[in-house]
Amino acid sequence: MPLFRKDPFGKAWVLISPERGLQSSDFGSVEQAEEISPLSPGADRGLREIHALRPSAARAGGPDWRVRVVEHPSPLVQDRPTRFSGSAPFEHGASRGFQEIIVEHPDARQRLETMPREHLVDVLRVYRDRLALLAAKEGISHVQLSRSVGKPAGALFEHAYAQVLAVPVTNRWLEEEVSASRSHFDSSGRCLFCEVLELELEQRDRLITYNSHFAAICPYASKFPFETWIMPRRHSGTFTDEPGNLLPALADILQAVLKSINAALDDPPYNLVLHTLPGDDEAFHWHIEVLPKLTYQSGFDWGSGFYVNPTPPEDAARFLREALAIQEVSQ
């Protein structure tokens, strides 16, 4: 039977409806990137470099980088003064902020799940450090990191990359999570995310995989088929404080999740979003959301205000566990 589930981390209700059925995806599989892309070394001369990891003896701006941060070629926000004016309900202000692209590997054919573990650790460290630097800028209220893989998911390039955004306004989806977690903390004295994760690790119905420091689950009120969250097992309100010695464990579980999604769903387009705060918060818990692009939202979905998910998260977690086990045996 279809079942309403209340999102513990927000106001949304999700209608889990296996009867709707998950049809063959209209979005197809992600295509292999060409060897040379606009982000490849030597082909990216029009992009201004902000930061890069390269050999110590190499010259700045040279082609021998391992990970590179560049200005977004067509930013939606720019570093400029912002004054909000007008009065409710019509307020406005210049689109101030910072928008960067992190090119994750010089080889356009590499992906997060295929690159060497030590290289992915470098990528995660660049994620953390760029977010920390931008979060410290005056007037910044929201920082985010996102990845789009495949054109149906909104990717600008086939080359593996992430976008970093820092703006002076809050984020609607994050504010819902903050509000729910703050309310829970004020009433119970406990982090809602920590409490949910403890139950998921105990019950294991929606658990995909875990290690000493991180766990991956399909959330109870998954809004999308095969939606997956990666969370630290200890409380941590902001990714920018993540210790460097834990990044290898994060790299391991991130690669495991992406490999299982690719194996189970034939390399689907997906979005990856890091939910974090500019500073630490005892009530909030940073996490990564991986959202495979498998279904469209219909007029019923938009009109009702419900998310309709044809795949129960318990089924999704089981499929992903099985795909991960097959991957491990084949290795």
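Residues numbered from 1 in each chain as written. Predicted model: local features only at pLDDT ≥ 70, side-chain atom pairs only at ≥ 80, totals over all residues. Heavy atoms only, no water.

J.: How should the packing of aromatic side chains be read in this particular structure?
T.: Given two aromatic rings, one states the distance between the centres and the angle between the planes to describe the pair. Within the structure shown, the criterion is met by 11 aromatic pairs. Relative to Trp13, the ring of Phe4 has its centre 6.3 Å away and its plane inclined at 90 degrees; by these criteria the two rings are edge-to-face. Residue Phe4 is classed as partly exposed on the basis of its relative accessible area of 44%. What links up through ring pairs into an aromatic cluster is the set Phe9, Phe193, Trp229 and Phe284. Sitting over the face of the ring of Tyr307, Lys223 holds its NZ or CZ atom 5.7 Å from the ring centroid. Positioned over the ring face of Phe319 is Arg318, at 5.1 Å from the centre of the ring. (Phe/Tyr/Trp six-rings, centres within 6.5 Å; stacked < 30°, edge-to-face > 60°. Buried < 20%, exposed > 50% of the residue type's maximum accessible area, 1.4 Å probe, protein only. Lys NZ or Arg CZ within 6 Å of the ring centre and 35° of its normal.)

J.: Hey, could you run me through the sheet that holds strand β2 (residues 13-16) in this one?
T.: Pairing between sheet strands relies on hydrogen bonds along the backbone, with the strands arranged either parallel or antiparallel. On the basis of which strands lie adjacent, the open sheet formed by three strands has the order β1-β2-β15 and mixed pairing. Every other strand in the sheet has two partners, leaving β1 (3-6) and β15 (307-309) as the edge strands with one partner each. The average angle at which neighbouring strand axes cross in this sheet is 30 degrees, direction not considered. Here β1 runs beside β2; their pairing, made up of four bridges, is antiparallel. (Pairing = 2+ DSSP bridges. Helix = DSSP H or I, 4+ residues; strand = E, 2+ residues; numbered from the N terminus. Axes fitted to C-alpha atoms, helices over the stretch in contact; angles between N-to-C directions.)

J.: Help me out: how do you make sense of helix α3 (residues 192-203) in this one?
T.: The periodicity of an α-helix, 3.6 residues per turn, causes residues three or four places apart in sequence to face the same way. For α3, spanning 12 residues, the distance from its first C-alpha to its last is 17 Å, which sits close to the expected 16 Å at 1.5 Å a residue. Every buried residue of α3 is listed here: Leu192, Phe193, Cys194, Val196, Leu197, Glu200 and Leu201. Contact partners of the buried residues in α3: α2 (172-188), β10 (207-210), β11 (214-217), β12 (228-232) and β14 (287-292). Arg204 occupies a position one or two residues after α3 and carries a positive phi of about 70 degrees. (Expected span 1.5 Å × (residues − 1). Contact = heavy atoms within 4.5 Å.)

J.: What exactly am I supposed to notice about the sheet that holds β12 here?
T.: Strand order across the open sheet formed by 10 strands is β3-β4-β7-β9-β8-β13-β14-β12-β11-β10, with antiparallel pairing between neighbours. Pairing within the sheet leaves two strands with one partner each, and these edge strands are β3 (49-53) and β10. Across the sheet, the mean angle separating the axes of adjacent strands is 20 degrees when strand polarity is ignored. With five bridges connecting them, strand β8 (residues 142-149) and strand β9 (residues 161-167) associate as antiparallel partners. Bridged to Ser146 within β9 is Gln163.

J.: Explanation requested: the packing of α2 against α3 in the structure shown.
T.: Packed helix pairs are specified by the crossing angle of their axes together with the interaxial distance, meaning the distance between the axes. Where α2 contacts α3, the axes come no closer than 8 Å and their chain directions differ by 85 degrees. Our classification of the angle between α2 and α3 gives roughly perpendicular. Contact residues: Glu177, Ala180, Ser181 and His184 in α2; Leu192, Phe193 and Glu195 in α3. Grouping the constituent residues of the contact of α2 with α3 by class yields three nonpolar, two polar and two charged. (Parallel < 35°, antiparallel > 145°, perpendicular 65-115°, else oblique. Nonpolar A, V, L, I, M, F, W, Y, C, P; charged D, E, K, R; others polar.)

J.: Explain the side chain of His142 to me, please; I cannot follow it from the model alone.
T.: Positionally, His142 belongs in strand β8. A polar contact is formed between the side chain of His142 and the side chain of Gln144, at a distance of 3.0 Å. In contact with His142, other than residues within four places in its own chain, are Leu165, Ala166, Val167, Val169, Thr170, Asn171, Leu174 and Pro278. (Polar contact = N/O pair within 3.5 Å; in protein donor to acceptor, adjacent residues only side chain to side chain.)

J.: Help me out: how do you make sense of the packing of helix α1 (residues 117-135) against helix α4 (residues 247-265) in this one?
T.: The N-to-C vectors of α1 and α4 enclose an angle of 110 degrees; their axes lie 9 Å apart at closest approach. Taken together, the axes of α1 and α4 are roughly perpendicular relative to one another. Across the interface between the two elements, Arg117, Leu120, Val121, Leu124, Arg125 and Arg128 from α1 touch Leu247, Pro248, Ala249, Leu250, Ala251, Asp252, Leu254 and Gln255 from α4. For the contact of α1 with α4, the per-class residue count stands at nine nonpolar, one polar and four charged.

J.: In this structure, what is going on with the environment of Pro313? I would like to understand it.
T.: Mapped onto the secondary structure, Pro313 falls in helix α6 (residues 313-330). Since its relative accessible area comes to 1%, Pro313 is described here as buried. C-alpha of Pro313 to C-alpha of Ala249: the two residues are 64 residues apart in sequence and 24 Å apart in space. For Pro313, the residues in contact, after removing those within four places along its chain, are Arg5, Ile16, Arg206, Cys218, Pro219, Tyr220 and Ser222.

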